[in-house]
Amino acid sequence: MSAKINQWQNFSKGLLKESPTFSLILGMCPTLAVTSSAQNGLGMGLATTFVLTLSNALISALKSQIPDKVRIPCFIVVIAAFTTIVDLLIQGYVPALAASLGVFIPLIVVNCIVLGRAEAFASKNGVFSSIIDGLGMGLGFTFALTLLGIIREALGAGAFFGHKFIDGDGIIVFILAPGAFIVLGFLIALIHYFSAKKH
Amino acid sequence: MEYILLIISTILVNNIVFAQTLGICPFLGVSSKISSSLGMGAAVVFVITLATLITYLINMGILIPLHLDGFLQTLVFILVIAALVQMVEIILKKISPSLYAALGIFLPLITTNCAVLGVALLVIQKEYSLLQSVVYGFGTAVGFGLALVIMAGIREQLELVSVPKGMKGSPITLVTAGILALAFMGFANLV
């Protein structure tokens with residue numbers, strides 16, 4: 001029973017308490033670059049979740065084989081392999097998403113969240129817990145990206161997942177780079193504010 | 001003239017941090033002091049220029065003739081960049097200990113700077129020639145350094161003012177970066 005609860009905590013920590021975006025401030029490049037619409041945020045989040053879960057699983061399965069001194073290059077090779085798989089899958093099945101995410105799909109390789117979880121969690125824990133950890137962290141990242149995408153799309157284009165709810169344009173700056181920085185800054189400030197109130 | 005325009009456009013108009021939002025992690029991490037941001041900027045200029053040159057040559061010379069560029073590009077590039085950073089570190093240590101001491105701690109951080117891999121992949125997507133790629137890489141890296149130094153200057157001042165409790169730390173940094181990005185939008189249509 002206690003193991004079960006443990007896995008649930010392991011899974012849910014990525015969603016808010018140790019959310020990679022809001023509390024650890026990791027993986028900022030894709031967070032800021034692709035969240036110009038909710039759809040892109042969701043797509044990027046799921047692609048990262050895929051890479052994160054599988055690379056966590058493989059790395060924790062291989063952890064006794066990987067020599068300690070060259071572990072980082074080994075992790076990077078594993079991550080790069082899964083990134084290439086997801087890149088080719090997206091190009092093949094969802095070409096529209098591939099066009100809008102562009103260079104940011106191969107850049108999942110250098111997303112610090114993936115390498116960070118490999119180093120901090122998968123290289124020390126069992127395969128099953130590593131998969132759960134990858135899923136939790138990945139979905140936390142997906143949640144953050146989608147939330148950011150929804151806010152930016154609503155303010156910048158007046159739309160929700162591509163469905164327009166106002167006539168004409170929104171405040172265009174919110175779908176450009178400055179909007180990304182400002183919306184994320186205020187979101188993190190809100191989270192700080194509420195978590196400070198709680199304590 | 002073409003190359004001068006390319007440099008101006010990569011530094012100011014399409015600034016890697018403010019317009020393309022690449023390399024944000026080191027941008028937020030190492031921009032709290034002007035001196036360390038100068039060191040990081042110099043190390044990045046060095047590595048990006050060299051990495052762009054070498055990955056371009058590998059792509060043209062090995063991957064494309066063997067038809068491997070579709071699925072091995074990401075893997076080969078990241079390994080080349082990681083090895084390059086390590087090599088630069090070793091060579092610098094031997095040849096110029098003073099430069100090594102200045103750049104030393106920033107070099108290992110660069111492997112995970114997505115601007116390096118980003119530029120290597122972008123110049124191939126844009127189908128630039130060798131010289132154009134190197135100039136693009138150099139300009140982008142200088143733009144990154146510029147963004148870092150401007151941000152560090154502002155953050156040193158921010159230390160001295162009182163910021164609302166919830167905004168302390170990363171939120172105020174992000175909002176500042178947003179306002180800077182707005183200012184950089186003024187350079188649009190410059191070239």
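Note that this is a predicted model, so its numbers are computed, not measured.

This next bit is on the overall build of chain A. Within chain A, the secondary structure is distributed over eight helices and two strands. Each helix and strand of chain A, ordered N terminal to C terminal, gives the series α-α-α-α-α-α-α-β-β-α. Dimensions of chain A, computed from the C-alpha atoms along their principal axes, are close to 60 × 45 × 30 Å. The buried share among the 199 residues of chain A stands at 51%. A sequence separation of at least 24 residues applies to 73% of the contacts in chain A between residues at least 6 apart.

Residue and element names in this part refer to chain A. In this structure, Asn-10 sits in helix 1 (residues 2–12). It is 19 Å that separates the C-alpha atoms of Asn-10 and Leu-46, two residues lying 36 residues apart in sequence. Excluding residues within four positions of it along the chain, Asn-10 makes contact with Phe-121, Ser-129, Ile-132 and Asp-133.

This paragraph deals with the interface of chain A and chain B. In this assembly, 32 residues from chain A lie in contact with 37 residues from chain B. A buried area of about 2,800 Å², summed over both sides, lies between chain A and chain B, and 85% of it is on carbon and sulfur atoms. Interface area lost by chain A to chain B is led by Cys-29, Val-110 and Phe-181 of chain A, which between them contribute 22%. Remark: the boundary between chain A and chain B carries zero salt bridges. Put simply, the parts of the chain that give the side of chain A that touches chain B at least two residues each are helix 2 (28–33), helix 4 (71–93), helix 6 (112–122) and helix 8 (177–198) of chain A. With ten residues, the top contributor of residues to the side of chain A that touches chain B is helix 8 of chain A. Among the residues making up the side of chain A that touches chain B, the classes are represented as 28 nonpolar, four polar and no charged.

So, about the layout of surface pockets. The volume enclosed by the largest pocket comes to roughly 450 Å³. Lining of the largest pocket is provided by 27 residues; of these, Ala-177 of chain A together with Phe-18, Ala-19, Gln-20 and Thr-21 of chain B occupy positions nearest its centre. Elements with a minimum of two residues in the lining of the largest pocket: helix 2 and helix 8 of chain A together with helix 1 (2–13), helix 7 (114–125) and helix 9 (170–185) of chain B. A class-by-class count of the residues in the lining of the largest pocket yields 19 nonpolar, seven polar and one charged.

We now examine the pattern of salt bridges. Residue and element names in this part refer to chain A. What the rule picks out here adds up to three salt bridges over all chains. Glu-119 is the partner of Arg-71 in a salt bridge, and the nearest nitrogen-oxygen pair spans 2.9 Å. Taken together, the positions of Arg-71 in helix 4 and Glu-119 in helix 6 put the pair 48 residues apart, joining distant regions of the chain. Classification of Glu-119 as partly exposed rests on a relative accessible area of 26%. Each member of the salt-bridge network shares a partner with another, and the members are Asp-68, Arg-71 and Glu-119.

Quick look at the side chain of Thr-55 of chain B now. Residue and element names in this part refer to chain B. Among the structural elements, Thr-55 can be located in helix 3 (residues 34–63). A relative accessible area of 1% places Thr-55 in the buried class. Within the structure, the side chain of Thr-55 is placed 2.7 Å from the backbone oxygen of Ala-51, a separation counted as a polar contact.

All chains considered together, the criterion is met by seven aromatic pairs over all chains. Measuring from centroid to centroid gives 5.8 Å for Trp-8 of chain A and Phe-11 of chain A, while their planes differ by 35°, and the two rings are tilted. A residue pair is termed a helical-turn pair when its members lie 3 or 4 positions apart in one helix, as Trp-8 of chain A and Phe-11 of chain A do in helix 1 at three residues. According to the relative accessible area criterion, Trp-8 of chain A is exposed, its value standing at 54%. Note on Phe-18 of chain B and Phe-184 of chain B: the rings are 4.8 Å apart at their centroids and 45° apart in plane angle, and the pair reads as tilted. Of this pair, Phe-18 of chain B sits in the loop between helix 1 and helix 2 (24–29) while Phe-184 of chain B sits in helix 9, and the two are 166 residues apart along the sequence. Here Phe-18 of chain B matches Phe-184 of chain B in class, with each residue buried. Among the aromatic residues, ring-to-ring pairing joins Phe-18, Phe-27, Phe-184 and Phe-187 of chain B into one connected group.

Criteria and cut-off values
- Residues numbered from 1 in each chain as written.
- Chains lettered and ligands numbered in written order.
- Predicted model: local features only at pLDDT ≥ 70, side-chain atom pairs only at ≥ 80, totals over all residues.
- Heavy atoms only, no water.
- Helix = DSSP H or I, 4+ residues; strand = E, 2+ residues; numbered from the N terminus.
- Buried < 20%, exposed > 50% of the residue type's maximum accessible area, 1.4 Å probe, protein only.
- Contact = heavy atoms within 4.5 Å.
- Buried area = accessible area lost by both parts, 1.4 Å probe.
- Salt bridge = Lys/Arg side-chain N within 4 Å of Asp/Glu carboxyl O.
- Nonpolar A, V, L, I, M, F, W, Y, C, P; charged D, E, K, R; others polar.
- 1 Å grid on protein atoms, 1.4 Å probe; cavity = no way out; pocket = protein on both sides within 12 Å on 5 of 7 lines; lining within 4 Å.
- Points joined across faces, edges and corners; volume = space filled by probe spheres on them.
- Polar contact = N/O pair within 3.5 Å; in protein donor to acceptor, adjacent residues only side chain to side chain.
- Phe/Tyr/Trp six-rings, centres within 6.5 Å; stacked < 30°, edge-to-face > 60°.

Just geometry here; none of it tells us what the structure is for.
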